[in-house]
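Coordinate inspection notes
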Amino acid sequence: MADTQPYVRPDVKAVLDALAAMAGPEMSEIPLADARASYLAMGAMLEADPLPLAVIKDLTCTGPGGAIPLRLYDARAERGPGPVIMFFHGGGFVIGDLDTHHALCTQIAAEMDLPVVAVHYRLAPEAPYPAAADDCEAATRWVAGSPAELGRSATGLITTGDSAGGHLAIVVPQALAAQPAAVPVIMQAPIYPATDESHDGSMQEFAEGYVLTKKTMDWFMDCYAPVAGEARAYPIHGNHAASPPTVITTAGLDPLRDQGRRYAAALIQAGVECHYMEMKGIVHGFVNLRKAVPSAQADTLAFIKAMKLMLERVSA
């Protein structure tokens, strides 16, 4: 009889076995403050160390709900006009902040040799849908205007982020396509994004035992409370023909895998240049597991390399 078990890399299996042995409660079963603290603590144990950069600077901009915390990363102390990368962190719109994705942002800034501005949007359930999207759009429009506080002149924008942040990396370009900012979005690069309302396929296949569970996803969505059918809530419903060139990656063992597949297919059907990468045998969250899962570092670098290649094409 054929083996129906999905392929799991050895270094991924080691982490999954260790997490299973811990057998703690799910995030949805503990107090919210503890869930956020555990996400940050998990990153400290499992994520690669941050890279040193010439500039790591905390900033703020004005948003619809008050000041939005930002963090500027740049491998160069000074640079001429050029693209700026907007990074939106993951965490299901509920957990996550600038610190949970700090190391990843240093890696992106170093490899891309471009400034990165990370955005800490308001979190649910205190600030449900569409607060996260509103904050990320406001921050992106602020950066597009090359404010003096940034110390850099933006000629174009690249949006990226993981999971909920991958969702936001799609939603923001859709908003800026409908109502342009001072400079255009020239590329989007979502990492295992949440894109639609589906609960079948990979959501069922990897519902338990692969880091992100369906139960946790359901909790995230209950907290964020997106409105079904709205593109700002589920970007699969957006105007794909107006999307910028795209690099998108999914994880082979991820409940969200099929949402990423469907979104990439929608872009291709709309005639948008799209480079789709599916990292086999690895789980959701791999860009934040690079110490514990060594092969995740190679996947992350491959994704960033694809971003660089796409940028060369759109800049030619």
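Sequence order sets the numbering: in each chain, residues are counted from 1 along the sequence as written. Local features in this predicted model are restricted to residues whose pLDDT is 70 or higher, and side-chain atom pairs enter the listing and the counts only when it is 80 or higher, whereas totals over whole chains, interfaces and linings include all residues. The side-chain values count all of the structure's non-hydrogen atoms but skip hydrogen atoms and water molecules.

With that out of the way, let us pick up unusual backbone geometry. Residues Ala124 and Pro125 are joined by a peptide bond in cis, for which omega reads 5 degrees. Helix and strand labels come from DSSP, where a helix needs a run of H or I of at least four residues and a strand needs a run of E of at least two; each type is numbered from the N terminus. Following the sequence through the fold, Pro125 ends up in the loop between β4 (116–119) and α4 (131–144). A cis amide bond links Tyr129 with the next residue in sequence, Pro130, at an omega value of 5 degrees. Tracing the backbone through its elements, the reader meets Pro130 in the loop between β4 and α4. For Asp113, which is not glycine, the phi torsion reads 55 degrees and is therefore positive. Along the chain, Asp113 falls in the loop between α3 (102–112) and β4. To sort residues, take the accessible area from a 1.4 Å probe on protein chains only and compare it with the maximum for the residue type: under 20% means buried, over 50% means exposed, and anything in between is partly exposed. Residue classification places Asp113 among the partly exposed positions, given a relative accessible area of 26%. The phi angle at Tyr192 is positive, at roughly 30 degrees, despite the residue not being glycine. Classification of Tyr192 as buried rests on a relative accessible area of 1%.

Moving on: the packing of α3 against helix α9 (residues 294–315). At a closest axis distance of 10 Å, the pairing of α3 and α9 adopts a crossing angle of 45 degrees. Compared by their axis directions, α3 and α9 come out oblique. Handedness of the crossing formed by α3 with α9: right-handed. Of the residues in α9, those in contact with Leu104, Gln107, Ile108, Glu111 and Met112 of α3 are Gln297, Thr300, Leu301, Ile304, Met307, Lys308 and Leu311. Any residue outside Ala, Val, Leu, Ile, Met, Phe, Trp, Tyr, Cys, Pro, Asp, Glu, Lys and Arg is labelled polar, Gly included; the first ten of those are nonpolar and the last four are charged. Within the contact of α3 with α9, the residues separate by chemical class into 7 nonpolar, 3 polar and 2 charged. Lines fitted to the C-alpha atoms define the axes, with helices restricted to the stretch that makes contact. Angles between their N-to-C directions range from 0 to 180 degrees. In what follows, roughly perpendicular refers to angles from 65 to 115 degrees, roughly parallel to angles under 35, roughly antiparallel to angles over 145, and oblique to any angle outside these ranges. Should the near helix be turned anticlockwise from the far one by less than a right angle, the crossing is termed left-handed; should it be turned clockwise, right-handed. Note on definitions: a residue-residue contact is assigned when non-hydrogen atoms from the two residues lie within 4.5 Å.

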